[in-house]
Structure formats: structure tokens, C-alpha cells
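Listed below, chain by chain, are the residues.
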2 protein chains.
Amino acid sequence: MSSANTVLLAHGSGGSMMHELIESFFDTYNSDELRQGNDAAVLQTSECTDRIAFSTDTFVVTPHFFPGGDIGRLAVCGTVNDVATSGAVPKWLSVGFILEEGFSLVDLRRICASMAEAAKEAGVKIVTGDTKVVNRGQGDGIYINTSGVGVFDDAGAKLGAGAKLGSAQQLELDRAQQPTLGGAQQPAHNSAQQPTLGGALCKPGDKILLSGTLGDHGIAIISQRESLSFATTIESDAAPLNHLVQAVLAAAPNTRCFRDPTRGGLASTVNELATQSNTVFEIEEEAVPVQEQVLGACDMLGYDIFHVANEGKMIAVVPAEEAVAALGAMRASRYGENAAVIGEVLELSAANSTTPKAYVKTAFGSRRILDMLTGEQLPRIC
Amino acid sequence: MSSANTVLLAHGSGGSMMHELIESFFDTYNSDELRQGNDAAVLQTSECTDRIAFSTDTFVVTPHFFPGGDIGRLAVCGTVNDVATSGAVPKWLSVGFILEEGFSLVDLRRICASMAEAAKEAGVKIVTGDTKVVNRGQGDGIYINTSGVGVFDDAGAKLGAGAKLGSAQQLELDRAQQPTLGGAQQPAHNSAQQPTLGGALCKPGDKILLSGTLGDHGIAIISQRESLSFATTIESDAAPLNHLVQAVLAAAPNTRCFRDPTRGGLASTVNELATQSNTVFEIEEEAVPVQEQVLGACDMLGYDIFHVANEGKMIAVVPAEEAVAALGAMRASRYGENAAVIGEVLELSAANSTTPKAYVKTAFGSRRILDMLTGEQLPRIC
């Protein structure tokens, strides 16, 4: 491949070649902030806000292109979803590239175009970036970091003078202060108030929802690496889920938290949430949506479906009384058609450091422990 | 080195080993947001704000440890400085690690401690992060991305009903609307108003200030790579300059812009600014502060001092009437003791794409063109 088509060390020098490379992508991103060429983007929120959400993720997936997506789409969706879990509306992304000397510029353009498309679907803007080049043998083509900022739509929030939502403690105080209406306790949130979400808020009795089929991304990746073939090509589920999250929040305003089960799969997620909230998470095996061929691939490869990564799925933990509404909202949303209630949060009766945090209830009614992944199942899955 | 002391692929799996590794650093960072363990940090601004600044940078410097600093200090200072150039107060950082299998955990701890120290000095918090592990041979020990968010202190801004600072155009409108006071035009900014800064605002007649000696970082790095020895060990100048920036803004509220001359050196910076503002930048060679041994090293290595990277220096472009005040504020600030006025912004008389954007005026009064670096002088300088 001629040098004009591949990344050179000089593309990372801070000089003219780097500027030419970067500027050649401005039209792809269509971002005024990038075109302005300053060192930081100054971003106007539409309303005065006193809270923002901030997250980061780095993408080192191999191969770069796979059925259902590529590293660029992953990089946008992954960070959009992480920001969305806070209940904030994701607005702006930064992009940091590490390019290996020799990487194909054709592939780079394809990846950037994919990022622009995913950003457009999610309704976010790429506003600031950086490009570094490393020597051949000290990278793997391309690694991408994205960081994301989201804002809370605080217009219309009625919290009383001086009150601000911002912590689990404040949430409890608000609940205590809400007047009762008839025989029912007014929920601490209504559609005008802004949620405080977090794993620590999960409570015994809450329902665990999953927005769709498990394991698609991980199996799509491994199928490419091992050149396995299946009757149907399994595709990565990489997708922006911020719209789905907002729909669920509107329908179930007392949602405790959202979490996307990426590396380490559903098992990592439910163990993290159980630890944060000092509860136990129980998953009903038969209720978990999963494609036949994904399960078959897991059997063949010796993988536990609960350890396989997902890139377009969201867990929501909601109070039991809002589960139906939350599920309806998920199923009505793009990417949520196969959503299901997959389990329940239970009380942690005997608390010590070795007590299992999560279980799977099998079809026979027995329970098995659902541990976090201990070793390395599949490196560079995202 | 035993496996307990080095990074393993499993540290990137999303499972228990990854969680143990990450949690072992919570005390180093002393960040409540990190301890909460949610996917995004929710950050409270102290006042209601409608503007934030956002920037990102990735650090791939080699070696990881060098006189005057390390990759961790660089990663914090670099992004703090980028955010600071907008005039915002940097508040929060994200950190994304790419660790190579086999990287020393002792080195990782040292780097994290260095980051925590730099963050403390800068007054910023590390609030969200990510860790990925790549196979041996597909990284170089450690790469670090940091993204930063800053806020503008908008309290007391008096702009008139409905006016918002946010663009060069709005700035001009504000200036036209300001009442005259006696014979003097009231400046468009005062200490209660918030600056709009940007390279596009530079004007003929403005003065160019540099906060200290040029080339220290680049020469410190190259001296380690080539195992060169000098009579005095040159140290990297990596430092957080946000406090210096705020001091200059307070003294010279009509400052046009700040920029830190990192990769590609001062030459890249002045060419970028000249291009953004459609002007010409002229640097007076004799006025530029530089250490003797740095100049000597450049001569020996065949480097142009203006192309060598800096990691703790700031350029400020200010109206001529505010240059003395700005210089005073720089010199009174930590890291600005050797600040100097090094040049002037000139009118661009004949505008075409080949017209040089920047010149150096030599001691003899002659001018030479100051081009951007074209090739690669020193890869992986930051």
C-alpha cells in the first residue's frame, strides 16, 4: 500500500501532515466546534444546568470490522450508553485516536464515517478530539477513546426551595417530604423531576429488566476471530440506547438504575449492582431472551452466556409496581423489542464478604451461583 | 517478574481481577465518584451554568518516566491546560488506560500516584475512568487518555437581557453595545464577565506572550531516548497552568486566546493561530526565553527550537494596551517566572494559500519564515 494510503509517524507530529489529516475529517463529523480549531470545545447547554454526567471508555476491539458494526460504532454507542445510564441526555463526545504506523487511511475513513452515523442516530455531537500515532508494533491499527458529557433536563423540576437532587441521601429526604395523595404515597419522582440513579439504590423486591437478547456481540466477535461459521451470521448488537433509557424513565420514573452489560457480561453487571446496593440479584434462566444460535455457539465454545459481552443491551432495575410500564416502554423502543423481566432483587440475609451476590434460578427451580468472570474469557471484546 | 506484579489480559476482562485492580486505586485518587462505581459520574456545578468546556488528549510518550515528570503527570497537565485555554476553570477529568500485558503494576501505581498529585495541584478531580488490556506486542506498556471538563464562572456577568457569550460574533455585538465612559471605550469584558477566547479573535497589533523557556520537554525526552548527557539535566516542564491562565485573565480581561505549544512546538501554535485569525504572527528571536543547554542540544541534534514540544508553557495573545498587565500576572504566577513578550500579530496583506503565516525576526533584523513542522521530528513526545 502506498504511503499516501497509510498512517505515518508524521501524522502524529503536530505539524502540517497531522493538520491535513485531521481537517480531512471535518466534513465527516460536521462539527462547528471541531472546525473552530481551538484546544477545547465550549459547549452551550440549552438551559441553565447545575449537573452534568461524564463518562469515558476506550475501545480496543479486534477485529476492527465485524458483522453488525465496527470499532467506530462501538466507540460512540458504548460511551453514549454509559452516559445514558445516569439518566442524563448524552450531548457531546470527545474522540481520541491511537493509530499504528501503517494503518490504512481507507479503513480510518470508514471508521470515522461509522462514528458520524452512530452519533447522528444517538443525537450527540463529536466536538473535540486528538490523534496520536505510534510505531509499528506498538499498537494494533487503531484504538479509540471516547468520553461523553450529558446534561439533565432540569426545566420544570419542582423540588422546593434550595433542594437539589444529587445523591441517594437527598432522594430519601425528598421521598419523606412528599405529601400523601389519598391512600397512595406520591412517588418521589414525577416526569418533571430529574432522577438520581445508581446501583446503590436497588432494593429487595425490585424487578430486573433486560432490553433484549444476550450474548450477540461477544459471539459475533469470536465468530470472526476463530472463523467459525453459523447457519445465520450473528451480528453485534452495538446500538445507542439513550432514547430507550429516556422512554423507560418517562414511563417508570422511580427506576433505580440502568447498566449496560458489556465486558464480563450480565454476570459482572448483576454482581456490581448487588455489591453496590448490598442485596442479592436472582436471574430466572428461562426468562432471559437469547438467540438459539448464540446459545449453541456458547455450548460449542464452552462459554457461559452470562459472561459474554453485549454492546446494545441495557439492564434496568425498577420498583415492582413500575415493572409493567417499564417493560412496555422498552418494548416500544428501537432495540428493545425483545425486552423481558428476567429476575428480582432479593434481601441479603447473611452479609459477609464470601456471600454470593447473584444467582441463576434454573428451569428446574434449583439455584446456581452466578459469579463474576475470574480469568479472561475473550480479550479485546470491546 | 511474577504474574502478581504485572498486568495480565484478565485485568481487562470485566471480571473480578479487573475490579480488584481498579478498586486498589480508589484511595490514590480519593474520588467519591469513582468509589460509587456507576458507569458515569454525575457532577454538580457550584452555580447554575450554561457553558462548559470539554477537551481530550491521549498520551503515548516514551519513555514513561523522564526528568521532571512521567506519563501520568503529562496526562493530567496536558488536558488541564487544554481546558484552561478556553478560559474555563478545569474541574473534572476522566482517565482511560490501555495497558499492555506484562506491564509492571509497580510502575502503574507510581503513575497513578503522580496523576493524583498533579490533579491535586491543579485543583481537579478524577471522576471516571476505564482500563483496557491489550496483548503483548500490541501496546507499549501504557497509554493514557484524559478528557477534561471545565466550567465558566458566570456569576455576576452583566450582559443585558438575553445576551449570552458564546461566539466571536456575539463578542463583537457586545462591544458595539457597550456605553462609552468619558473618552474611553468601555472594554467588552470586565472581571465580572466571562471571556470568549479563541484563535480567531487575534488582531493586528496584539502582543504575543510566552510564559517561560522553550523546548524543555522535548529535549528532556530526547535526552532519555538517545542517552545523551548534559552538564545539567534538562527537565520536562510538564505543569498545570490553569491558575496562571486565570491570573492573566483577571489582569488582562481582553485577552484574545491562550494556547499551549505542545507537539510541533511554538511554530505549530503560531501558524494555527495565524490561520484561524487570518493574520501573520511575528516572533522576535532575541525575546524568546530559552535555556542555554536546550539551545545547545538543539544545535547538536539539528532541531529547530520552534519545533520542539513544550508541556508546561502557555502562549497568550493580548491587546497591546494589556500586555504589561498580562506579563506581570504571568511573572507573578507559578511556572511563569520567565515569561516574556515575544512578538506581535501583524496584518495579512496579500491573502492566498501559500502566504507564510508566521515569521521569526532575527537579531540582525532580517525575517525568516517559521513553518509548521512537515515531517516527524520526534515521535511519541507526549
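The structure reproduced in this document is the subject of the present report. Note that the structure is predicted; figures quoted are calculated from it, not measured.

Cut-offs used in this document
Residues numbered from 1 in each chain as written. Chains lettered and ligands numbered in written order. Predicted model: local features only at pLDDT ≥ 70, side-chain atom pairs only at ≥ 80, totals over all residues. Heavy atoms only, no water. Helix = DSSP H or I, 4+ residues; strand = E, 2+ residues; numbered from the N terminus. Buried < 20%, exposed > 50% of the residue type's maximum accessible area, 1.4 Å probe, protein only. Pairing = 2+ DSSP bridges. Axes fitted to C-alpha atoms, helices over the stretch in contact; angles between N-to-C directions. Salt bridge = Lys/Arg side-chain N within 4 Å of Asp/Glu carboxyl O. Contact = heavy atoms within 4.5 Å. Core = buried A, V, L, I, M, F, W, Y, C linked by side-chain atoms within 4.5 Å. Arc of directions from axis to C-beta. Least-squares fit on C-alpha atoms with pLDDT ≥ 70 in both.

### Thoughts on the overall build of chain A
On a plain count of helices and strands, chain A comes out with 11 helices and 15 strands. Within chain A, the proportion of its 382 residues that are buried is 60%.

### Section: the sheet that holds strand β12 (residues 315–318) of chain B
Residue and element names in this part refer to chain B. The seven strands are arranged β10-β12-β9-β13-β11-β14-β15 in an open sheet whose pairing can be described as mixed. The open sheet has two edge strands with one neighbour each: β10 (257–259) and β15 (367–369). For this sheet the average axis-to-axis angle between neighbouring strands, irrespective of direction, equals 25°. Relative to strand β13 (residues 340–347), strand β11 (residues 279–284) is paired through five bridges, and the arrangement is antiparallel. When the sheet's bridge partners are listed, Val-280 is paired in β13 with Leu-346.

### Brief notes about the pattern of salt bridges
If you walk through the whole model with that rule in mind, you get 30 salt bridges over all chains. Between Lys-313 of chain B and Asp-216 of chain B there is a salt bridge, with its nearest N and O atoms 3.7 Å apart. Residue Lys-313 of chain B is found in the loop between α10 (292–301) and β12, and its partner Asp-216 of chain B is found in helix α7 (residues 216–225); the two are separated by 97 residues along the sequence. With respect to class, Lys-313 of chain B is no different from Asp-216 of chain B; both count as buried. Among the charged side chains, a network of salt bridges with common partners joins Asp-57 and Arg-263 of chain A together with Asp-130 and Lys-132 of chain B.

### Notes on the pairing of strand β14 (residues 358–361) of chain A
Residue and element names in this part refer to chain A. Here strand β11 (residues 279–284) pairs with β14 via four bridges, running parallel. Within the sheet, the bridge partner assigned to Ile-283 lies in β14 and is Val-360. Bridge count between β14 and strand β15 (residues 367–369): three bridges; the pairing is antiparallel. Pairing of Val-360 across the sheet is with Arg-368, part of β15. Joining the antiparallel neighbours β14 and β15 is a turn of five residues, in which Gly-365 adopts a positive phi near 95°.

### Overview of helix α1 (residues 16–23) of chain B
Residues of α1 of chain B that are buried: Ser-16, Met-18, His-19 and Leu-21 of chain B. Residues of α1 of chain B that are buried in the fold lie against α9 (265–277) of chain A together with β4 (89–100), α5 (105–122) and β5 (125–134) of chain B.

### Looking at the nonpolar core
With 74 residues, the main nonpolar core has Phe-97, Leu-108, Met-115, Phe-281 and Phe-306 of chain A as its most contacted residues. Not counting residues up to four positions away in its chain, the partners in contact with Phe-97 of chain A are Tyr-29, Leu-108, Cys-112, Met-115, Asp-130, Thr-131, Lys-132, Ile-142, Tyr-143 and Ile-144 of chain A. One finds Val-61, Leu-74, Ala-75 and Leu-105 of chain B within the second-largest nonpolar core, a separate group that totals 73 residues.

### Side note on helix α8 (residues 242–251) of chain B
Residues and elements named next belong to chain B. Of all the positions in α8, only Asn-242, Leu-244, Val-245, Val-248 and Leu-249 are classed as buried. Each buried residue of α8 lies within a common arc of 160° when the element is viewed along its axis, so the set occupies one face. For α8, the secondary structure elements touched by its buried residues are α4 (71–84), β4, α5, β10 and α11 (323–332).

### A few points about the relation of the copies chain B and chain A
With an axial shift of 0.0 Å and an RMSD of 0.0 Å, the rotation relating chain B to chain A amounts to 180°. Taken together, the rotation and translation describe the operation of a two-fold axis.

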